[in-house]
Amino acid sequence: MLELKDLHAEIDGTPILKGLTLTLNPGEVHAVMGPNASGKSTLSKVITGHPDYQVTGGDVCFEGQSILELEPEERAHLGIFLSFQHPVEIAGVTTSVFLKEAVNATRRARGEAELDAAGFLRLAKEKMQLVEMDKSLLHRSLNEGFSGGEKKRNEVFQLAMLEPKLAILDEPDSGLDVDALRIVAQGVQAQRNPERAMLVITHYQRLLEHLTPDFTHVLLDGRIVRSGGPELARQVEERGYQWVREASA
Ligand SMILES: Nc1ncnc2c1ncn2[C@@H]1O[C@H](COP(=O)(O)OP(=O)(O)OP(=O)(O)O)[C@@H](O)[C@H]1O
Ligand SMILES: [Mg+2]
């Protein structure tokens, strides 16, 4: 579904991704771990087409086609979703208005009928339960004043509403209390299906206890230097990254 081929990307002339190769097939969940500043969030933004990042080599293919020339909205309409490490706050736009527009834009792109207000609310209430999200957040400005945990729940709620083919989750676990971590992880787990691929960026093995990935990768200095199963996440937790660095040098 997603093929990253020897991907090189930079920001303001500074190389960040330095030959990253990775393939995700439908149904697979891939965890990406790696030290701070290794390029994980950059990877998520390059896939979704953030304009600040320049691709200087390699390719990003989605369902067999290069998407490098596509605008972020076009990539979203193909079914690529990103939940941000730091979700943006939008004053004056309520969560429900924002999300209804996003859901209906997706439905239009798929040639499906748009949801009316009642249909949207019904679906939203059902999906909010998945992450035990407080319904009052629907009527507040998007992410404005949301606690860290509320923002993360809101991201997984959006994932459930938009039903993308490819979901990229950048640290869905950061800042969550232990109960919220389990709820969010189970919410993501419930979104797994045979047609959907997920790329989950995390620092912590505990997320992966609830969301067993098919593959775990370590990203170091802009490249995937090691791939394995769940044991790789446990090794990172116990031993840090120095041994990976040494083993891959
Ligand atoms: N917009 C930007 N302007 C300048 N430098 C940037 C920008 N975005 C990323 N970088 C730099 O690129 C490098 C990789 O950043 P990135 O956010 O991808 O790291 P990360 O692996 O997600 O780290 P973390 O675990 O801390 O979230 C960092 O050195 C960062 O400062
Ligand atoms: Mg990051």
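Refer to the structure printed above.
Counting starts from 1 at the beginning of each chain's written sequence and moves along it residue by residue. A letter from A marks each chain and a number from 1 marks each ligand, given out in the order of writing. Only residues with pLDDT of 70 or above have their local features reported here, since the model is predicted, and side-chain atom pairs are shown and tallied only from 80 upward, although totals for entire chains, interfaces and linings are computed over all residues.

(A) Structural context of the sheet that holds strand 4 (residues 54-62). What the four strands build is an open sheet, ordered 2-1-4-5; its pairing is antiparallel. Edge positions in the sheet fall to strand 2 (14-24) and strand 5 (65-66), since each has one partner strand and no second. Where strand 1 (residues 2-11) meets strand 4, seven bridges bridge the pair, whose relative direction is antiparallel. Each residue of the ladder has a partner; that of Glu-10, found in strand 4, is Gln-54. In the packing of helix 1 (residues 40-48) onto the sheet, contacts are made with strand 1, strand 2 and strand 4, and the angle to strand 2 comes to roughly 70 degrees. Should DSSP find at least two bridges between two strands, the strands are regarded as paired. Secondary structure is summarised from DSSP: a helix means a run of H or I of at least four residues, a strand means a run of E of at least two, and numbering begins at the N terminus for each. By the convention adopted here, residues make contact when the C-beta atoms placed from their backbones lie within 7 Å. As a rule, the C-alpha atoms of each element are fitted with a line to give its axis, helices using only the stretch in contact, and angles between N-to-C directions run from 0 to 180 degrees.

(B) Summary view of helix 3 (residues 95-109). The span you would expect from a helix comes to 1.5 Å times its residue count less one. Look at helix 3: 21 Å from first C-alpha to last across 15 residues, which is about the 21 Å you get at 1.5 Å a residue. Among the residues making up helix 3, those that are buried are Thr-95, Leu-99, Lys-100 and Val-103. Looking straight down helix 3, one finds its buried side chains confined to an arc of 115 degrees; they lie on one side. Check the buried side of helix 3 and you find it contacts strand 7 (90-94), helix 4 (117-130), strand 8 (141-142) and helix 5 (148-162). A positive backbone phi angle near 75 degrees is found at Gly-111, which sits one or two residues after helix 3. Using C-beta atoms placed from the backbone, we call a residue buried if 20 or more other C-beta atoms fall within 10 Å of its own, exposed if 12 or fewer do, and partly exposed for counts in between. Along the arc lie the directions from the helix axis toward the C-beta atoms.

(C) Focus on the packing of helix 4 against helix 5. Look at helix 4 against helix 5: their axes get within 9 Å of each other, and the N-to-C directions meet at 130 degrees. Comparing the axis directions of helix 4 and helix 5 gives the class oblique. Crossing angle aside, the handedness with which helix 4 passes helix 5 is right-handed. Residues Leu-123, Ala-124, Lys-127, Met-128 and Leu-130 of helix 4 touch helix 5, and the partners they reach there are Phe-157, Ala-160 and Met-161. With respect to orientation, any angle under 35 degrees is reported as roughly parallel, any angle over 145 as roughly antiparallel, any angle of 65 to 115 as roughly perpendicular, and every other angle as oblique. For a crossing to be left-handed, the near helix must be turned anticlockwise from the far one by less than a right angle; the clockwise case is right-handed.

As far as function goes, none of this settles anything; it's purely spatial.
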